[in-house]
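# Report on the structure
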Amino acid sequence: MKKRLFWLLVVALTAVLVVGCAPAATPAPVEEPMEEPAEEPMEEPAEEPMEEGEPAECAADEFGCAVISPGTTIKLGFAGPTLGEYAAFGVDISQGGLIAIDDFGEFEGFQFELVIEDTGGSPEVGAAVANRFVSDQSFVAIAGHTFSGETEASMPIYEQAGLPMVSASATNPDLTALGSRVFNRIAFTDTVQGEDAAAYLFNTLGVETLAVIHDGGAYGQGLAEVVRDNFTALGGEVVDFSAITVGETDYSAALARIGALAPDAVFFGGYYAEAVVLVSQMGGAGLGDAVFFSDDGTYGQSFIDLAGAAAEGVYATSLIPPSSTAKEAFDATYEERFGTAPGVLSPYSWNGYDMVAVLIHSVKQVAILGGDGNLYIPRGALVEAVRGLEGYEGLSGDITCDDVGECNTAGPTFYYVENGEWVEAP
């Protein structure tokens, strides 16, 4: 009995062990729904970051860059007489330039500024002003100089510093024969002015004998020489060629000597201050019937105001541009702002505007806004941009510079005084 019970226990225990060791049933996998792959957003093309610091163009430029920091101005230097007896020229030209600043003088949040310095028309003072301009790196170009003598004295200073110049009025022919890379002008040259004046005297007025007087300056003497040479080449006779001393109030001795030669006309190369004295004393020197013919340095209201009745019948060259919508708008703005019409103080009002306008235009062609907020102006590139001007339409007409810096494509017109006013000569 005990043996049987033993075996029953063994069998039961074995069954329990077999059941306990059997592997657990694996549940059937539950399929989860498939998710659609998420659509990746399209990336916007990244903007190319602005270059920080000085652009590569500055290191490559032979003169480097002018660096204009935010809140400061892009300076253009104007140099010419604004005080003294020749002040009308500098005041008039700079006033034209100030209107151009108003019209065009903003770029990339930076403002242009015309800094006006008086030279008195003197070469020595002109050179001193030039040195002041180049010592301030925020000056990028020069609107001037005004007179030929001061222009010639200042050119080497700007040449060394790499500052381009555009003059409204420096007309001595030799200035563009000096090999300067920086000097340019929008006035017609004295070569053109002298050739046309000689032809008008000989062909239109019928002058056969001519006395030529000049003030001894680069402008006056240079122009007088062109008139003398061309008048002679046309078949006329130059009976006298002589200089007077600038600033004197009595030229009666020189005029008396010329009066004894009885010329048909007297040509004067110089400015209105001396021209006023000459015409006022011609009658007393036996030259009352001689034609007095001068240049664009004499033309202007100042001459008429100072000479009075002696101004009647006087001829002069001028570069007043033809009428246009732009010229009419400028004329109205000039008179409203300054209380006098353009062309009254000098014939260069419109050239003053164009002079500054082309400099601003050229700066905008080469200036680079840096990633650091500074405006960089490569100086050598600016010199080339000014010299390379082509087809710029200014108040004075087409402005296209040749390889020596002659940018005027027009010539002079002739005026004479009639009833106290300058009128266009026939």
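Residues numbered from 1 in each chain as written. Predicted model: local features only at pLDDT ≥ 70, side-chain atom pairs only at ≥ 80, totals over all residues. Heavy atoms only, no water.

Let's shift gears to the pattern of salt bridges. Oppositely charged side chains can pair when the atoms bearing their charge come close. Tallied over the full model, the rule gives 7 salt bridges. Residues Glu-62 and Arg-181 are paired through a salt bridge, measuring 2.7 Å at the closest nitrogen-oxygen approach. Of this pair, Glu-62 sits in the loop between α2 (56–60) and β1 (65–68) while Arg-181 is found in the loop between β6 (165–167) and β7 (183–185), placing the two residues 119 residues apart along the sequence. Since its relative accessible area comes to 53%, Glu-62 is described here as exposed. (Salt bridge = Lys/Arg side-chain N within 4 Å of Asp/Glu carboxyl O. Helix = DSSP H or I, 4+ residues; strand = E, 2+ residues; numbered from the N terminus. Buried < 20%, exposed > 50% of the residue type's maximum accessible area, 1.4 Å probe, protein only.)

Looking at the element boundaries, Thr-317 is found in strand β12 (residues 315–318). According to the relative accessible area criterion, Thr-317 is buried, its value standing at 1%. There is a polar contact of 2.4 Å between the side chain of Thr-317 and the side chain of Gln-193. Engagement of the side chain of Thr-317 in a polar contact is seen with the backbone nitrogen of Asp-296, the distance being 3.0 Å. Those residues in contact with Thr-317 that sit more than four places away from it in its chain are Gln-193, Phe-293, Ser-294, Asp-295, Asp-296, Tyr-299, Pro-412, Thr-413 and Phe-414. (Polar contact = N/O pair within 3.5 Å; in protein donor to acceptor, adjacent residues only side chain to side chain. Contact = heavy atoms within 4.5 Å.)

Time to look at the sheet that holds strand β18 (residues 421–424). What links the strands of a sheet is backbone hydrogen bonding, and the strands pair in either a parallel or an antiparallel sense. One open sheet accounts for 7 strands, arranged β9-β8-β10-β11-β12-β17-β18; its pairing is mixed. Lying at the two open borders of the sheet, with one neighbouring strand each, are β9 (237–243) and β18. Averaged over neighbouring strand pairs, the angle between their axes works out to 25° when direction is ignored. Where β12 and strand β17 (residues 413–418) come together, 4 bridges link them in antiparallel fashion. Opposite Ser-318, over in β17, you have Thr-413 as the bridge partner. Contacts between helix α7 (residues 218–234) and the sheet are confined to β8 (209–214), β9 and β10 (265–269), with β8 contributing the most and set at about 165° to the helix. Each of β8 and β9 touches helix α8 (residues 252–259); the most contacted strand, β9, lies at about 165° to it. (Pairing = 2+ DSSP bridges. Axes fitted to C-alpha atoms, helices over the stretch in contact; angles between N-to-C directions.)

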